[in-house]
Amino acid sequence: MWDDAFPSFLIGLREGLEAGLIVSILVATLVRADAKSRLPQVWTGVLAAIALAMSFGAVLTFTAANLSTTAQESFGGSLSVIAVAFVTAMVFWMRRSARNLSGEIKEKVTSALTMGAGMLIVTSFLAVGREGLETALFLWTTARAAGESAGPLTGAGIGLVIAAGLCWGLYRRVLKINLSKFFTATGVVLIVIAAGVLGYGLRDLQEGGTLPGKTAFAFDLSPHIDASSWYSTLVQGVFNLTPAMTWLQVVAYAGYLAVVMTLFIRGVRATAPKTPKTPKPAKAERATESEGDGPAGDARARRRPAWVIPAAVVAVPAVAAGAVVAFSGGKPAGAQTVAVSEKECGKGFTAPRPGRQTFQMHNTGDKASEVYLIDPASNAVYGEIEGLAPGTTRDLVATVGGGQYAWRCVPTGGKAVTSAAVRVSGGGNVKAVAPVSEEDLAAPLAAYKNYVNQGLGTLTSQTQKLSDDIHGGDLDAARADWLTAHRTYSSLGAAYGTFQDFDQKINGRKDGLPDAERDKDFAGFHRLEYGLWHGQSADDLRGPAEQLTKDADGLRKAFPTQDFDPGDLPLRTHEILENTLQFELTGDTDEGSGTNLATADANLTGTRELLDVLRPLLAKRDPALLTRVDGDIARVQKLLDAAHHDDKWTPVDQLDAGTRARLNGATGQLLEHLAPVPDLLEIRKSA
């Protein structure tokens, strides 16, 4: 989470310190002028500034939520660019003003003291308000870039707390900080971060259709970089640099960084202006007279409770923000509210305009329900929501073209209902997902079960040979036969969900066992691997080898009667290699043999076999997807082959950094392209 938190931590620390310094100087000036009675006016202005900043953040959040998807992209991109402008101006202003900040604020306080309570409130409000608005805007943009991560808010909170502590220390004179150096150093880092935010914002504008060049990529390193690695996550989170960037992003990033950083560094080297003399603060007596003390002033104070002004300055921006949110509407522009239930399926649905549309699906029934936007003639699906609870509302976003549309509501345990159809005129052709039934998956399931049955027969004979090697004391042969048998089992990965307890017995890991590799429940392939590559004797390994043979044969006999859900087949296309990326390509399951890449190769074989039985269904729905996946598989296979020399496999931890990154990146890219398969081949109920 720190990669998402760092930019917000820095902005929270820096903006918090700026605002805190201003407040500290305001308070110190009043205290030294013996005008402590005016402190509530300072805190009122500060409170008003905080309320304004929070209200501004709420307006941004709710306004964006009520826009269509493309409008959200354009809105967010525009605000990102504005945030960069604000941050840039703030960096240069503080670089220029750090040395003279105290004198400037004292001068403003002196003027405010002679002009009554209102001016002191305004002075503190304006001094803190700018930082508050800048912080709200920058945090909103970074939080949006981070998606659902809590990192930005966490980082900002930590930064603000530290800033408050530093300001207290400076006020109490227990800390000494060279503010010029601090703001210069943080300014350099913020300029780099702002360059990334600019690139991210421009990409949003391209995605929203506001700017051209959406597909004009300057580079695409996705096949060569592991997007889930710590270094890739760190770079993307902190600097907003992604493996694929358009020419507009690259030119804007480099141009902003070159120009702004040059001007900033050049300004730092310039001779600092001399600190102006600070006017002597007004005496407390003058302040008291200006404020209107005396009988008339006391009378006004009695008529106006002390809480009225603070309550007003908080309420006004909150009410204004609420009005803006309410004015923007409770739902995205043009969104229809459509009922979902057995009795009211599709109520409220009228012919939408062509293009990307948002529908608010409201479950008016008493059962959780699935709902699909379909072509009633072919049952093809344009959009769907699963698990819509009774009484709840969720958005369904779909692209609408010319043709007929209807809603299909499928309550849990109830009968599927299809609404009346509407016709949409105009608009181009929109791709929909052809429905898949259990009957459609029957033939692929039968073919795959036959493949698994054959594999289990082979596995039984291979584990018996492995056991014979150990009984005969030939541990060298046992090591070779162990790898052969383990690769056979690993190639059956799509069926592991049906193996029940057999999978834990045959291929269980020591993780979570109280005594790890010495635990009595540590069994199967990994138990033998540990013993064969850690110098255990044949006598030590006979029992585990016999048990493995027995379990493999038991699985072979049990598998034909085990329940194999046809809906599991599409899921396994993705899950096999997910486990490969998590366990094999990290070396997590290596018990000494160094053969994780051999297992990864077997997993790839299992994935390829599964795709072959599903290929006819996929070819009808997305032939381009198969082309991409086949290319990815060939790329991963080539990288694995390069690590296989004769009968030896390079251990994962002995791969050079570049090769390992390419292998992880290629596997990640394959996983990304396999991700739509479960949706394309999901079994959907018909009316």
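About the criteria used
- Residues numbered from 1 in each chain as written.
- Predicted model: local features only at pLDDT ≥ 70, side-chain atom pairs only at ≥ 80, totals over all residues.
- Heavy atoms only, no water.
- Salt bridge = Lys/Arg side-chain N within 4 Å of Asp/Glu carboxyl O.
- Helix = DSSP H or I, 4+ residues; strand = E, 2+ residues; numbered from the N terminus.
- Buried < 20%, exposed > 50% of the residue type's maximum accessible area, 1.4 Å probe, protein only.
- Phe/Tyr/Trp six-rings, centres within 6.5 Å; stacked < 30°, edge-to-face > 60°.
- Pairing = 2+ DSSP bridges.
- Polar contact = N/O pair within 3.5 Å; in protein donor to acceptor, adjacent residues only side chain to side chain.
- Contact = heavy atoms within 4.5 Å.
- Axes fitted to C-alpha atoms, helices over the stretch in contact; angles between N-to-C directions.
- pLDDT = per-residue confidence, 0-100.
- Expected span 1.5 Å × (residues − 1).

## Focus on the pattern of salt bridges
Taken as a whole and assessed by the stated rule, the structure comprises 19 salt bridges. Across the pair arginine 487 and aspartate 601 runs a salt bridge, and its minimum N-O distance is 3.1 Å. Of this pair, arginine 487 sits in helix 14 (residues 475-490) while aspartate 601 sits in helix 19 (residues 596-621), placing them 114 residues apart in sequence. Its relative accessible area of 8% is what places aspartate 601 among the buried residues. Shared partners join several salt bridges into a network, and the residues in it are Lys510, Glu517, Arg518 and Glu591.

## Some points on the packing of aromatic side chains
Overall, the coordinates contain eleven aromatic pairs when judged by the stated rule. Measuring from centroid to centroid gives 6.1 Å for tyrosine 489 and phenylalanine 525, while their planes differ by 40°, and the two rings are tilted. On the criterion of sequence distance, the pair formed by tyrosine 489 in helix 14 and phenylalanine 525 in helix 16 (residues 525-532) is long-range, its members being 36 residues apart. By relative accessible area, which is 0% here, phenylalanine 525 ends up buried.

## Brief notes about the pairing of strand 6 (residues 381-388)
The pairing of strand 5 (residues 369-374) with strand 6 spans five bridges and is antiparallel. From the neighbouring strand, serine 369 faces strand 6, where its bridge partner is leucine 388. Hairpin connection, strand 5 to strand 6: the antiparallel pair is bridged by six residues, and asparagine 379 has positive phi, about 65°.

## Here's the deal with the side chain of glutamine 357
Tracing the sequence through the fold places glutamine 357 in strand 4 (residues 355-363). Of note is the side chain of glutamine 357, whose polar atom sits 3.1 Å from the backbone oxygen of arginine 353. Excluding anything up to four places from it in sequence, glutamine 357 contacts Pro352, Leu396, Val397, Ala398 and Val400.

## Points about the sheet that holds strand 3 (residues 336-340)
What the three strands build is an open sheet, ordered 3-4-7; its pairing is mixed. Of all the strands in the sheet, the pair left with one neighbour each is strand 3 and strand 7 (393-400). Recorded for the sheet is a direction-independent mean angle of 35° between the axes of neighbouring strands. Looking at chain direction, strand 3 and strand 4 are connected through five bridges and run parallel. Opposite threonine 337, over in strand 4, you have glutamine 360 as the bridge partner.

## Overview of the confidence of the model for the protein
The pLDDT averaged across the protein works out to 79; a share of 74% of its residues lies at or above 70. Residue range residues 271-302 is modelled with pLDDT below 50. Its contacts to residues more than four positions away, or to other chains, number 33 contacts.

## A few points about helix 17 (residues 538-558)
For helix 17, which comprises 21 residues, the first-to-last C-alpha distance of 30 Å matches the rise-based estimate of 30 Å (1.5 Å per residue) to within 8%. Of all the positions in helix 17, only Ala538, Leu541, Pro544, Ala545, Leu548, Thr549, Asp551, Ala552, Leu555 and Ala558 are classed as buried. Lining the buried residues of helix 17 we find helix 13 (438-471), helix 14, helix 15 (502-507) and helix 16.

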